[in-house]
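Structural description and commentary
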Amino acid sequence: MTPAPPSTRFPAITAAHVLAEIEREAASRLTVYPKMVQTMRLTAEAAALEQRLCEAWAADLRRWRDWTAQPPIGPMPAQRHTLGFTWADRREGITRELERRARLYPKWIAAAQLDPAEARQRTDRLTALADIYDEGFDWHDAFGRRPPFGKGMSIEPTDQADTECRAAWWEHVHQVTTARHGAQPQEQLAL
C-alpha cells in the first residue's frame, strides 16, 4: 500500500520530504542556537526545548508514516504526548517556526543568503507537517478514537489530561475549519 501524502494541499510532498525538512531544521538549530545562547538572544533552556521539539515532530511523523503504510486496521494508537510535549505544544511549535520563516526568509532572500525556491520548499514541507496535525491524526481519546463532530456524539473524557487535550484539539479544529472553509463545523453539518 502506498502511504498517503502528508497533505492534500501538497500532494507531491511525501513523508520523506517532510522528515528531511525536520532533520534539516534540527541540524540548523544545532548550529545556530549555541551562538544565540552565547550572545544571550536565547536561553540554553529555550534552545534545548526547541531542539527537542524537532525530535518530537520527527517521532510523530515516523509514527504517522508507519501507520499510513499499513492496511487500515483501526484508529491510530492514542498518544497525547511525544517527548513530553502535548499535541498543542507540538502544533504551536510549527506555527512559531512558520511565523519565524515568514519574518526572516524575505530578508535572507533579499540579501542573497537563501534561494527563493529553497525557501518555498522548506516552508511548504513544514506546512505539510502542520496539515497532518490539523487533520487530527495525533489527537485521540484514551481509547484511540478521534472525537467525532457534533455534541451528541462526544466520547466522555477519561481524566483531566484527556479533557485538556480534547479542548485544545477542538479549538484548533474550529480555527482550521473556519480558515479553510469559512464556517464552523456545526454550521457545515447543518447544511
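Residues numbered from 1 in each chain as written. Predicted model: local features only at pLDDT ≥ 70, side-chain atom pairs only at ≥ 80, totals over all residues. Heavy atoms only, no water.

1. What to know about the overall build of the protein
Broken down by element type, the protein carries six helices and two strands. Ordered by position from N to C terminus, the α and β elements of the protein give α-α-β-β-α-α-α-α. Going through the 191 residues of the protein one by one, you find that 40% of them count as buried. In the protein, once contacts between residues fewer than 6 apart in sequence are set aside, the share between residues at least 24 apart is 65%. A total accessible area of about 10900 Å² is found for the protein, and carbon and sulfur atoms account for 60% of it. (Helix = DSSP H or I, 4+ residues; strand = E, 2+ residues; numbered from the N terminus. Buried < 20%, exposed > 50% of the residue type's maximum accessible area, 1.4 Å probe, protein only. Contact = heavy atoms within 4.5 Å. Areas by Shrake-Rupley, 256 points an atom, 1.4 Å probe, with all protein chains shown as cover.)

2. What about the confidence of the model for the protein?
Residues at a pLDDT of 70 or more form 72% of the protein, whose mean pLDDT is 80. The least confident element of the protein is helix α6 (residues 185-190), whose mean pLDDT is 48; the most confident is helix α1 (residues 15-38), at 96. Counting contacts from residues 148-153, a segment whose pLDDT is below 50, to residues more than four positions away or on other chains yields ten contacts. (pLDDT = per-residue confidence, 0-100.)

3. Re the packing of aromatic side chains
Inspection of the entire model under this criterion finds one aromatic pair. Each ring, one from Y105 and one from W108, has its centre 5.5 Å from the other, and the planes form 40°; the classification is tilted. Here the residue Y105 and the residue W108 both occupy positions in helix α3 (residues 87-110), the gap between them amounting to three residues, near one helical turn. (Phe/Tyr/Trp six-rings, centres within 6.5 Å; stacked < 30°, edge-to-face > 60°.)

4. Re the side chain of D134
Tracing the backbone through its elements, the reader meets D134 in helix α4 (residues 116-134). You can call D134 buried: its relative accessible area is 11%.

5. Section: α4
Helical periodicity: at 3.6 residues per turn, an α-helix aligns residues three or four positions apart in one direction. The terminal C-alpha atoms of α4 lie 26 Å apart, and with 19 residues this matches the ideal 27 Å at 1.5 Å per residue to within 8%. Measuring from the side-chain oxygen of the N-cap residue of α4 to the backbone nitrogen of A117 gives 3.1 Å; that N-cap residue is D115. (Expected span 1.5 Å × (residues − 1). Polar contact = N/O pair within 3.5 Å; in protein donor to acceptor, adjacent residues only side chain to side chain.)

6. Some words on the nonpolar core
By size, the foremost hydrophobic cluster in this structure holds 27 residues, and its most contacted members are V18, I22, W57, L61, I94 and L129. If you list the elements that add at least two residues to this core, you get α1, α2 (44-69), α3, α4 and α5 (160-181). Top element by residues in this core is α2. It accounts for seven residues. Leave out the neighbours within four places in its chain, and L61 touches A15, V18, L19, I22, L129 and I132. (Core = buried A, V, L, I, M, F, W, Y, C linked by side-chain atoms within 4.5 Å.)

7. Some words on the packing of α2 against α4
Their axes nearest at 11 Å, the elements α2 and α4 cross at an angle of 65°. Along this stretch, α2 crosses α4, giving a crossing that reads as left-handed. Only L126, L129, I132 and Y133 of α4 make contact with α2, whose side of the interface consists of A56, W57, D60, L61 and W64. For the contact of α2 with α4, the class distribution of residues is eight nonpolar, no polar and one charged. (Axes fitted to C-alpha atoms, helices over the stretch in contact; angles between N-to-C directions. Left-handed = near helix turned anticlockwise from the far one by under 90°. Nonpolar A, V, L, I, M, F, W, Y, C, P; charged D, E, K, R; others polar.)

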